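Read off the chains here:
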Amino acid sequence: MSAISRKVLTLDEFTILQLRNFPNATGELSGLLRDIGLAAKRVNVEVNKAGLVDILGDAGATNIQGEDVKKLDVFANNQFMGVLRHGISCAGIGSEELDDFVVFDDPVSVNSKYVCLFDPLDGSGNIDVNVSIGTIFSVFRRVTPVGTPVTAADFLQPGVKQVAAGYVIYGSSTMLVYATRRGCNGFTLDPSIGEFCLSHPDIKCPELGKIYSVNHGNFFQYDEGVRKYIDGCQRKNKSNGGPYTQRYIGSMVADVHRNLIKGGIFMYPATQDKPNGKLRLLYECNPFAFIVEVAGGKATNGQQRILEIVPTELHQRSPLFIGSKLMMEELESHL
Ligand code: AHG
Ligand code: MN
Ligand code: MN
């Protein structure tokens, strides 16, 4: 057996190294990211055997938004909530799967400075067919005083206030990608040692890509500007190298991850049936908007930068346009 390569930096080593840049840092964010990494590893184990055990299929309930809840959704939600509750860095959570936010009011958690919002399992419609799914998370510094129970005000902050955001993709390999204002980095799980190892340092989203991702089935429900842009994506006479390739997996994590690495644009516009689109501002749009902006891209709801929207409800939805800078600028010229 060969010795462990010391070129490899694990997630924990990386976050601790980052601390050196901040002499006054408490390490609480590193702790929070370690907790998220731990929950991700546990969820990964279950996702990997989803085809084998009786964890497939519906849990027989619908969530607050009336959607089917899959057993793995519940499992993932409980893992992330449980790990964060028992950790020492999180004072409360909000989850796509829970009606209301959860206050961690034990003496340790109440003294934590962060709250976390997450979509425990994104793309859960893809579980039964062995297609990539993910977890999305967003971290805010609380606005209420440390030592008191968190309130709605801690969760209803605009996305610009995020301290960190990230996602886990349970794909052909499992990756954890997270961004802080300092940069965006990706870690691939090495299953042989059970560690996330730095594999994609300092991710930058190419300014221009060749991929557009949208649910074409809804085409005739989109606004005219969106339809015109999509139409243009399919034409050759483009200065930017069109026609583009259309790719849409139906797991936002997988679609946006691919576009982040290769360059591209992802859209979930408003439709006649869903005037606010489908995606949730706090659990899906905000974290990805933060990550993609840190990586050099852009994210809007068609009118406004996603990160500047002041949320009024935990589960509110928003149209989303996100991706490579120049592609976003071209889209904006149509809207
Ligand atoms: P979730 O599984 O958390 O409900 O999210 C699914 C989302 C998103 O991941 C994906 O991009 C989108 O739903 C797909 O929706 P359509 O099937 O309407 O295109
Ligand atoms: Mn989702
Ligand atoms: Mn989900």
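Note that the coordinates shown come from a computational prediction; the quantities given were computed from them, not determined experimentally.

**What to know about the packing of helix α2 (residues 28-48) against helix α3 (residues 71-86)**
Part 1 of the argument: Two numbers describe how α2 lies on α3: the axes approach to 9 Å, and their chain directions differ by 155°. Judged by the inter-axis angle, α2 sits roughly antiparallel to α3. For the element pair α2 and α3, the recorded crossing hand is right-handed. Here α2 contributes Leu32, Asp35, Ile36, Leu38, Ala39, Ala40, Arg42, Val43, Glu46 and Val47 to the contact with α3, which in turn contributes Leu72, Phe75, Ala76, Gln79, Phe80, Val83 and Leu84.
Part 2 of the argument: For the contact of α2 with α3, the residue count by class is 13 nonpolar, 1 polar and 3 charged.

**Examining the domain arrangement of the chain**
Part 1 of the argument: Looking at the assigned domains, one finds that the chain contains domain 1 (11-200) and domain 2 (211-334).
Part 2 of the argument: On a C-alpha basis, the centres of domain 1 and domain 2 stand 23 Å from each other.
Part 3 of the argument: Contact with domain 1, which involves 46 residues of that partner, is made by 31 residues of domain 2.
Part 4 of the argument: Across the domain 1-domain 2 interface, the total number found is 1 salt bridge.
Part 5 of the argument: For the salt bridge of Glu96 with Arg280, the shortest nitrogen-to-oxygen distance reads 3.4 Å.
Part 6 of the argument: Linking domain 1 to domain 2 there are 11 residue pairs in polar contact (both at pLDDT 80 or more).
Part 7 of the argument: Contributing elements (two or more residues each) for the side of domain 1 that touches domain 2: β3 (90-95), β5 (114-122), β6 (133-141), β7 (162-170), β8 (174-180) and β9 (183-190).
Part 8 of the argument: Of the residues contributing to the side of domain 1 that touches domain 2, the split by class is 23 nonpolar, 16 polar and 7 charged.

**A few points about a nonpolar patch on the surface**
Part 1 of the argument: A surface patch of nonpolar side chains, about 220 Å² in accessible area, is lined by Val129, Val131 and Ile249.
Part 2 of the argument: Tracing the backbone shows Val131 in the loop between β5 and β6.
Part 3 of the argument: On the basis of relative accessible area, Val131 is assigned to the partly exposed category, the value being 31%.

**Describing the site of ligand 1**
Part 1 of the argument: Close to ligand 1 lie 17 residues; Asp122, Asn215, Tyr248, Met252 and Tyr268 are nearest.
Part 2 of the argument: In the model, an oxygen atom of ligand 1 is placed 2.9 Å from a nitrogen or oxygen of the Ser124 main chain.
Part 3 of the argument: One of the side-chain N or O atoms of Glu284 is found 3.5 Å from an oxygen atom in ligand 1.
Part 4 of the argument: Looking at the shell around ligand 1, the elements with two or more residues in it are β5 and β13 (265-268).
Part 5 of the argument: With 3 residues, β5 is the largest single contributor of residues to the shell around ligand 1.
Part 6 of the argument: Among the residues forming the shell around ligand 1, the class breakdown is 6 nonpolar, 5 polar and 6 charged.
Part 7 of the argument: Split by domain, the shell around ligand 1 shows at least three residues from each of two domains, domain 1 (11-200) and domain 2 (211-334).

**Digging into the sheet that holds strand β12 (residues 245-246)**
Part 1 of the argument: Reading across the sheet, the 5 strands line up as β12-β11-β13-β15-β14 and stay open at both edges, with mixed pairing between neighbours. Pairing within the sheet leaves two strands with one partner each, and these edge strands are β12 and β14 (298-300).
Part 2 of the argument: Strand direction decides the pairing type here: strand β11 (residues 211-213) and β13, joined by 2 bridges, are parallel. Across the sheet, residue Tyr212 finds its bridge partner in β13, namely Ile265.
Part 3 of the argument: Contacts from helix α5 (residues 224-233) reach β11, β13 and β15 (320-323), with the element oriented near 145° to β13.
Part 4 of the argument: Seen against the sheet, helix α6 (residues 252-262) touches β11, β13 and β15 and runs at an angle of roughly 160° to β11.

**With respect to the coordination of the manganese ion (ligand 2)**
Part 1 of the argument: The coordination sphere of the manganese ion (ligand 2), as far as protein atoms go, consists of Asp119 (OD), Asp122 (OD) and Glu284 (OE), spread over 1.8 to 2.1 Å.
Part 2 of the argument: Read in sequence order, the donor residues coordinating the manganese ion (ligand 2) give the pattern D-x2-D-x161-E.
Part 3 of the argument: The distance between the manganese ion (ligand 2) and the manganese ion (ligand 3) is 3.7 Å, with Asp119 acting as a donor to both metals. Here the residue Asp119 occupies a position in strand β5, and Glu284 occupies one in helix α7 (residues 281-294), the gap between them amounting to 165 residues. Like Glu284, Asp119 is buried.

**Describing empty space enclosed by the protein**
Part 1 of the argument: This model, assessed by the stated rule, comprises 1 cavity of 30 Å³ or more.
Part 2 of the argument: Of the pockets and cavities examined, the largest cavity occupies roughly 40 Å³.
Part 3 of the argument: Taken together, Cys205, Val256, Asn259, Leu260, Gly264, Phe266, Val292, Ile322 and Gly323 make up the full set of residues lining the largest cavity.
Part 4 of the argument: For the lining of the largest cavity, the elements supplying multiple residues, two or more each, are α6 and β15.
Part 5 of the argument: The element best represented in the lining of the largest cavity is α6, accounting for 3 residues.
Part 6 of the argument: Split into classes, the residues belonging to the lining of the largest cavity amount to 6 nonpolar, 3 polar and no charged.

**Quick notes on the environment of Met267**
Part 1 of the argument: Within the secondary structure, Met267 sits in strand β13.
Part 2 of the argument: On a C-alpha basis, the gap between Met267 and Val143 in space is 32 Å, while along the polypeptide they are 124 residues apart.
Part 3 of the argument: With residues near it in sequence (within four places) discarded, Met267 still touches Tyr212, Ser213, Val214, Tyr229, Ile230, Leu320, Phe321 and Leu331.

Analysis parameters
- Residues numbered from 1 in each chain as written.
- Chains lettered and ligands numbered in written order.
- Predicted model: local features only at pLDDT ≥ 70, side-chain atom pairs only at ≥ 80, totals over all residues.
- Heavy atoms only, no water.
- Axes fitted to C-alpha atoms, helices over the stretch in contact; angles between N-to-C directions.
- Helix = DSSP H or I, 4+ residues; strand = E, 2+ residues; numbered from the N terminus.
- Parallel < 35°, antiparallel > 145°, perpendicular 65-115°, else oblique.
- Left-handed = near helix turned anticlockwise from the far one by under 90°.
- Contact = heavy atoms within 4.5 Å.
- Nonpolar A, V, L, I, M, F, W, Y, C, P; charged D, E, K, R; others polar.
- Domains from an automatic or database assignment.
- Salt bridge = Lys/Arg side-chain N within 4 Å of Asp/Glu carboxyl O.
- Polar contact = N/O pair within 3.5 Å; in protein donor to acceptor, adjacent residues only side chain to side chain.
- Patch = residues over 30% accessible without salt bridge, like charges linked within 9 Å, V, L, I, M, F, W, Y side chains within 5 Å.
- Areas by Shrake-Rupley, 256 points an atom, 1.4 Å probe, with all protein chains shown as cover.
- Buried < 20%, exposed > 50% of the residue type's maximum accessible area, 1.4 Å probe, protein only.
- Near = heavy atom within 4 Å.
- Pairing = 2+ DSSP bridges.
- Donors = N, O, S within 2.8 Å, 3.2 Å for Na, K, Ca; no water.
- 1 Å grid on protein atoms, 1.4 Å probe; cavity = no way out; pocket = protein on both sides within 12 Å on 5 of 7 lines; lining within 4 Å.
- Points joined across faces, edges and corners; volume = space filled by probe spheres on them.

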